[in-house]
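A closer look at the structure
Here is how the chains run, residue by residue.
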Amino acid sequence: MIVDSHVHLFFEGSDPESFFIGAARAGTAFFNKKSGQFDVNMEEAYDANIELLSDKTGEKLVQKMDEAGIDKAILLPLDFWLGCPPSSGMSIEEKNALYAAAVKRHAGRLLSHVGVDPRRPNALDIMQKGVEEGAIGLKLHPTAGFYPDDPICAPLYRKALEYDIPVLIHSGNEPAPLRIKFSQPKYIDTVAAEFPDLKIIIAHTGHGWWQEAIDLASVKPNVYVDFAGWQMEYLNGFDYFYQPLRFALDTLGPWRILFGTDGLMLDVMLSPRDWVLAHKEYRSPAGIRFDGEEIDIILGHAAARLYNLSD
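Overview of the structure. (Residues numbered from 1 in each chain as written. Predicted model: local features only at pLDDT ≥ 70, side-chain atom pairs only at ≥ 80, totals over all residues. Heavy atoms only, no water.)

This paragraph deals with the layout of surface pockets. Reported here for the largest pocket is a volume of approximately 720 Å³. Taken together, the elements giving at least two residues each to the lining of the largest pocket come down to helix H1 (17-31), helix H2 (42-53) and helix H9 (231-236). Here the residues of the lining of the largest pocket are counted per class, giving 19 nonpolar, 12 polar and four charged. Roughly 310 Å³ of volume is contained in the second largest pocket. As for the second largest pocket, its lining consists of 18 residues, of which Asn96, Ala97, Ala100, Gly130 and Glu133 are closest to the centre. Among the elements of the structure, helix H4 (92-105), strand E3 (110-112) and helix H5 (123-132) are those that each provide at least two residues to the lining of the second largest pocket. Broken down by class, the residue content of the lining of the second largest pocket amounts to eight nonpolar, five polar and five charged. (1 Å grid on protein atoms, 1.4 Å probe; cavity = no way out; pocket = protein on both sides within 12 Å on 5 of 7 lines; lining within 4 Å. Points joined across faces, edges and corners; volume = space filled by probe spheres on them. Helix = DSSP H or I, 4+ residues; strand = E, 2+ residues; numbered from the N terminus. Nonpolar A, V, L, I, M, F, W, Y, C, P; charged D, E, K, R; others polar.)

Right, here's the structure in full:
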């Protein structure tokens, strides 16, 4: 079984326009880095990308899952509104409801976390409603402007412990206007120390902070990592991905490492099918090796155990 443990649904109004424009600017810089010419009309880039990415019901996602041989995907609703002005737009309650509807529409294929910014006055109520309606975890995105170890998050962590569900916390890079300083792994380490029984997933293994993320997970066995969103590193040079993955396996073992595409946003760089193949049919210039059992665990068995999923 292959489980995409980190995926999003995007559509018109799902997130602040400033976030999409920031993502378009970052993507343009990546694809044009050799020329250094980034003078692209970002409004036009936004319009083109939102049409390409738009998937309100999960139909595109499930089609791509079928093409890639992915059996299940775990949706992660993003709550950016307090960190991306203007702050008006779709409420996080509406977004969580749309994600829940996609799960029901594709029963057996899709599951979802509940997403919320802990600074919202009704954050705990939003979380409880989400879990009671079927959410299997909590998603936090600190780059909107809060630290994971801020006391305001503690009630959500306590409730996650009560429900016995994982908390996935973004860590690492993010386009403007979001700010990555809030997502450094050391602030997640504080949470892991204060809540040693809380199952915590460091999203993206902290990207550029991957050694810090793996280091803290090595002594906090309640901490997991996912390598979602590493397509850019892979495309820059295969071993920019394989070397950190090998280090994580040697340090943590395979059962605390999760596979994720970070789709649909990252699909413009590498299709989910090709990202699965990058794990199964690895090609390391330095000769870095993986065995089939390790890859099978990362691709699905680890997530199935963490979330108590059945085939």
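Pairing in this open sheet of six strands is parallel, and the strands run E4-E5-E6-E7-E8-E9 from one edge to the other. Each of the sheet's edge strands pairs with one partner strand only, and the pair in question is strand E4 (114-115) and strand E9 (257-258). Of the pairings in the sheet, the one linking strand E5 (residues 138-140) to strand E6 (residues 167-169) comprises three bridges and is parallel in character. Its bridge partner being in E6, leucine 140 is matched across the sheet by isoleucine 169. (Pairing = 2+ DSSP bridges.)

A few words on the nonpolar core. Within the largest apolar cluster, 85 residues are counted, with the highest numbers of intra-cluster contacts made by Leu61 and Tyr157. No other element matches the six residues that helix H10 (residues 238-252) contributes to this core. (Core = buried A, V, L, I, M, F, W, Y, C linked by side-chain atoms within 4.5 Å. Buried < 20%, exposed > 50% of the residue type's maximum accessible area, 1.4 Å probe, protein only.)

The next thing to look at is the environment of asparagine 41. Examined against the element boundaries, asparagine 41 turns out to sit in the loop between H1 and H2. Note on asparagine 41: relative accessible area 39%, which makes it partly exposed. Here the alpha-carbon distance between asparagine 41 and alanine 24, two residues 17 residues apart in the chain, equals 9.7 Å.

On to the sheet that holds strand E2 (residues 72-75), then. Sheets are built from strands that pair by backbone hydrogen bonding, the pairs being arranged parallel or antiparallel. An order of E1-E2-E3 is seen for the three strands of this open sheet, with the pairing classed as parallel. One side of each edge strand has no neighbouring strand; the edge strands of this open sheet are strand E1 (3-7) and E3. Pairs of neighbouring strands in the sheet enclose a mean axial angle of 25 degrees, with direction left out of account. In the sheet, E2 pairs with E3 via three bridges, with the strands oriented parallel. Bridging from a neighbouring strand, isoleucine 74 pairs with leucine 111 of E3. Seen against the sheet, helix H3 (residues 59-68) touches E1, E2 and E3 and runs at an angle of roughly 145 degrees to E2. (Axes fitted to C-alpha atoms, helices over the stretch in contact; angles between N-to-C directions. Contact = heavy atoms within 4.5 Å.)

The subject of this paragraph is empty space enclosed by the protein. Any empty space left between the atoms is revealed when a probe the size of a water molecule rolls over them. Scanning the entire structure with this criterion turns up one cavity of 30 Å³ or more. Along its surface, the largest cavity is lined by Asp4, Val7, Leu61, Lys64, Met65, Ile70, Thr261, Gly263, Leu264, Asp267 and Pro272. With three residues, the top contributor of residues to the lining of the largest cavity is H3.

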